[in-house]
Amino acid sequence: MITRSKLKQETVGENLELTDPTPDIQDLFKSLDAKFFDGVLSKNGIQLEWSKSIGLYDAGHCVCVKENLIKISLNERLLKYRTRKNLVETLLHEMIHASLFLDQDPDSSEHGPSFIKIMNRIYRQTGADVSVYHDYHNEIALYENRLWRCNGKKCENRPPHFGLMRVNPGGTFDFDDAYLYHLKYCKRDLELVKCGEKL
């Protein structure tokens, strides 16, 4: 039987920050699935990916794209600056949603009683601080009020801004027509324009 201490060391132990600070998310997913969800998520083909297009205020998303297709996306822009523990806790959060989608639980997209029950079980087993929100305020501040460029041809070729957009504090975009156009017609990745980069 695996003790709580051993399970914690294998999941969010401080030693992992040095020995495996940037784990492969697919391997991490399989490991966490086996430990906390009896491998059910892998058996049901849950998809996992890094995403640069998730909004700044979400560390991850889990959506039921269609029946029997559930997709987890992790916000690369936020999580690449965080600790391994933060990555694990965010992934576990999204895996709980995926588990609830598979169970067709009406609580699947919310943080209600079913979600909290699984979250608390994982905490008791490992000490992993899975929560219903994140506090990555420093990373959000880094990205806010910065210039972004869409890498899609539809936006790049559209005057007058040619794919450039600015995020303001609070997550709102300047050039509203450009951003709305991007959301509706293009949907490609937004890339941060580096300071001093020639436009």
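Rules used throughout
Residues numbered from 1 in each chain as written. Predicted model: local features only at pLDDT ≥ 70, side-chain atom pairs only at ≥ 80, totals over all residues. Heavy atoms only, no water. Helix = DSSP H or I, 4+ residues; strand = E, 2+ residues; numbered from the N terminus. Buried < 20%, exposed > 50% of the residue type's maximum accessible area, 1.4 Å probe, protein only. Contact = heavy atoms within 4.5 Å. Salt bridge = Lys/Arg side-chain N within 4 Å of Asp/Glu carboxyl O. Pairing = 2+ DSSP bridges. Axes fitted to C-alpha atoms, helices over the stretch in contact; angles between N-to-C directions. Expected span 1.5 Å × (residues − 1). Arc of directions from axis to C-beta. Polar contact = N/O pair within 3.5 Å; in protein donor to acceptor, adjacent residues only side chain to side chain.

Caption draft 1: Highlighting the overall build of the protein chain. Secondary structure summary: the protein chain contains 10 helices and 6 strands in total. Looking at the protein chain as a whole, 42% of its 199 residues are labelled buried. Long-range pairs, those at least 24 residues apart, make up 57% of the contacts in the protein chain between residues at least 6 apart in sequence.

Caption draft 2: The pattern of salt bridges, seen in detail. Per the stated rule, a full pass over the model turns up 4 salt bridges. Measuring nitrogen to oxygen at the nearest pair gives 2.5 Å for the salt bridge that ties Glu89 to Lys85. You can see Glu89 and its partner Lys85 sitting in helix 6 (residues 84–102), 4 residues apart, about one turn around the helix. Residue Lys85 is classed as partly exposed on the basis of its relative accessible area, which comes to 28%.

Caption draft 3: Focus on the sheet that holds strand 4 (residues 147–150). Read across the sheet, 3 strands follow the order 5-4-6 without closing on themselves; strand pairing throughout is antiparallel. At either margin of the open sheet sits one strand with a lone partner, and together these are strand 5 (164–166) and strand 6 (190–192). Averaged over all adjacent pairs, the angle separating strand axes in this sheet is 35°, with direction ignored. Examined bridge by bridge, strand 4 and strand 6 share 3 bridges and lie antiparallel to one another. Bridge pairing links Cys150 to Leu190 in strand 6.

Caption draft 4: Region of interest: helix 3 (residues 25–36). A rise of 1.5 Å per residue sets the reference length of helix 3, with its 12 residues, at 16 Å; its end C-alpha atoms lie 16 Å apart and thus fit the reference within 8%. Ile25, Leu28, Phe29, Leu32, Asp33 and Phe36 are the residues of helix 3 that are buried. Along the axis of helix 3, the buried residues cluster in a sector spanning 130°; they form a single face. For helix 3, exposure combined with an orientation more than 90 degrees from the buried face picks out Lys30 and Ala34. The N-terminus of helix 3 is capped by Asp24, whose side-chain oxygen sits 3.1 Å from the backbone nitrogen of Gln26. Looking at the residues trailing helix 3, positive phi occurs at Asp38, about 55°.

On their own, these measurements won't tell you what the molecule is for.
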